[in-house]
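One letter stands for each residue in the lines below.
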Amino acid sequence: MTTLLIFGAGGHGRVVADAALLAAHWPRVVASDRDPARCAGELLAGVALVPPAEAVRAATAIHVAIGNAASREREVAALAGRLVSVSHPAATVSAYAQLGAGCFVAAQAVIAPYARLGISVIVNHGAVVDHDVTVGDFSHIAPLVALAGGVQVGRRVLVGSGASVLPGVRIADDVVVGAGAVVADHLSEPGVYAGVPARRLK
Ligand SMILES: CC(C)(COP(=O)(O)OP(=O)(O)OC[C@H]1O[C@@H](n2cnc3c(N)ncnc32)[C@H](O)[C@@H]1OP(=O)(O)O)[C@@H](O)C(=O)NCCC(=O)NCCS
């Protein structure tokens, strides 16, 4: 039987489990975590929590559901080979978009034609990734973000909730964009940027 393992039993894991159950693509969905305290009971009704060694052995498909980019990258490296993407049935993903292995697309998110997502990218509730946008591995596009046409986002970037990135803007690896920011110009150095227009905080 096809078993999907959701690896990461925190809040983001719950969101992914909910989407996976609704997608009804995997007959069995289980969850696990490196933290033994999170490996008993259920993540959601019908999604049993099991210890990692047993869970990884039994899984035919794995989705790493950890919000923190560095932890997600570490687990993806350890669990590579069976990574699958999960999209909520209420997400809109163009047939002309490309998703790398292990991406998550939440409810009401839109991925437009010729958008390209790398490995293990999160596009959260209601975010819009418009045409010709690229998003690098392990980046997280938070709820209600708008990435306009042609935007290029690097690896391990967090674009905070509700931020807007204007057409064609490039964002370097390891940038954090604060919630509600408007990114009007390229962000070429790693760092934390916030405000309207976005300016470097750190
Ligand atoms: C920008 C951000 C990363 C800064 O966090 P931080 O490094 O802990 O910074 P602090 O909270 O110490 O704030 C530093 C200063 O920036 C201001 N600031 C923080 N976030 C801001 C934001 N989003 N926009 C404008 N100003 C902001 C603070 O008011 C503070 O100002 P002060 O020095 O005048 O008091 C964080 O506030 C943020 O917006 N994170 C995004 C969270 C998010 O959307 N996550 C997605 C979850 S799914």
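Residues numbered from 1 in each chain as written. Predicted model: local features only at pLDDT ≥ 70, side-chain atom pairs only at ≥ 80, totals over all residues. Heavy atoms only, no water.

On to the domain arrangement of the protein chain. Parsing the protein chain into structural domains produces domain 1 (3-84) and domain 2 (87-189). Once you take the C-alpha centre of each, domain 1 and domain 2 turn out to be 23 Å apart. Buried area between domain 1 and domain 2, both sides added, is near 1300 Å², and the carbon and sulfur share of it is 67%. Linking domain 1 with domain 2 are two salt bridges, by the criterion used here. (Domains from an automatic or database assignment. Buried area = accessible area lost by both parts, 1.4 Å probe. Salt bridge = Lys/Arg side-chain N within 4 Å of Asp/Glu carboxyl O.)

In this structure, Val123, Leu147, Ile171 and Val177 are the most contacted members of the largest nonpolar core, which totals 34 residues. When residues no more than four places from it in sequence are discounted, the contact partners of Ile171 are Gln152, Val153, Gly154, Val157, Val165, Val177 and Leu187. Counting residues in each nonpolar core, the second largest holds 19 residues, with Ile6, Ala31, Leu43 and Ala106 among its members. (Core = buried A, V, L, I, M, F, W, Y, C linked by side-chain atoms within 4.5 Å. Buried < 20%, exposed > 50% of the residue type's maximum accessible area, 1.4 Å probe, protein only. Contact = heavy atoms within 4.5 Å.)

Across the sheet, five strands lie side by side as β3-β4-β2-β1-β5; this open sheet has mixed pairing. The open sheet has two free edges, formed respectively by β3 (42-44) and β5 (61-64), since each of these has just one partner strand. Strand-to-strand twist across the sheet, computed as the mean angle between neighbouring axes with direction ignored, equals 30 degrees. The pairing of strand β1 (residues 3-7) with strand β2 (residues 28-32) spans five bridges and is classified as parallel. Paired with Ile6 across the strands is Ala31, a residue of β2. Along the sheet, helix α1 (residues 11-23) makes contact with β1, β2, β3, β4 (47-49) and β5, crossing β3 at roughly 70 degrees. Its contacts with the sheet put helix α3 (residues 69-79) on β1 and β5, and the angle it makes with β5 is roughly 165 degrees. (Pairing = 2+ DSSP bridges. Helix = DSSP H or I, 4+ residues; strand = E, 2+ residues; numbered from the N terminus. Axes fitted to C-alpha atoms, helices over the stretch in contact; angles between N-to-C directions.)

Within the element layout of this structure, Val135 appears in strand β14 (residues 134-135). Under the relative-accessibility criterion, Val135 is labelled buried at 3%. Measuring from C-alpha to C-alpha, the distance between Val135 and Arg82 comes to 21 Å, with 53 residues separating the pair along the chain. When sequence neighbours within four positions are dropped, the list of residues in contact with Val135 reads Arg116, Leu117, Gly118, Val121, Ile141, Leu147, Val153 and Gly154.

This brings us to α1. A rise of 1.5 Å per residue sets the reference length of α1, with its 13 residues, at 18 Å; its end C-alpha atoms lie 19 Å apart and thus fit the reference within 8%. Where α1 terminates, the next one or two residues include Ala24, which has phi positive at roughly 55 degrees. (Expected span 1.5 Å × (residues − 1).)

Enumeration according to the criterion identifies six salt bridges in this entry. The shortest N-O distance in the salt bridge between Asp33 and Arg38 comes to 3.4 Å. By relative accessible area, Asp33 is classed as buried at 9%. Of the residues examined, Arg38 reaches a relative accessible area of 38% and is grouped as partly exposed.

To continue, consider the packing of aromatic side chains. On inspection of all chains with the given rule, the structure shows one aromatic pair. Arranged with centres 6.3 Å apart and planes meeting at 25 degrees, the rings of Tyr96 and Tyr114 form a pair that is stacked. With Tyr96 in the loop between β7 (92-93) and β8 (98-99) and Tyr114 in the loop between β10 (110-111) and β11 (116-117), this pair connects stretches of sequence that are 18 residues apart. Comparing Tyr96 with Tyr114 shows no difference in burial state: the two are exposed. (Phe/Tyr/Trp six-rings, centres within 6.5 Å; stacked < 30°, edge-to-face > 60°.)

With that settled, the discussion passes to the site of the ligand. Residues in contact with the ligand amount to 13 residues; listed here are only the nearest, Gly160, Ser161, Gly178, Ala179 and Lys202. Note that an oxygen atom of the ligand is positioned 2.8 Å from one of the backbone N or O atoms of Ser161. Ala179 places a polar main-chain atom, nitrogen or oxygen, 2.9 Å from an oxygen atom of the ligand. When grouped by side-chain class, the residues that make up the shell around the ligand number seven nonpolar, five polar and one charged. (Near = heavy atom within 4 Å. Polar contact = N/O pair within 3.5 Å; in protein donor to acceptor, adjacent residues only side chain to side chain. Nonpolar A, V, L, I, M, F, W, Y, C, P; charged D, E, K, R; others polar.)

Turning our attention to unusual backbone geometry. In the segment running from Val196 into Pro197, the intervening peptide bond is cis, with an omega of -10 degrees. Inspection of the secondary structure assignment puts Pro197 in the loop between β23 (191-194) and β24 (199-200). Phi is positive for Leu144, which is not a glycine, with a value near 65 degrees. Along the polypeptide, Leu144 turns up in the loop between β15 (140-141) and β16 (146-147). Using a relative accessible area of 62% as the deciding quantity, one classes Leu144 as exposed.

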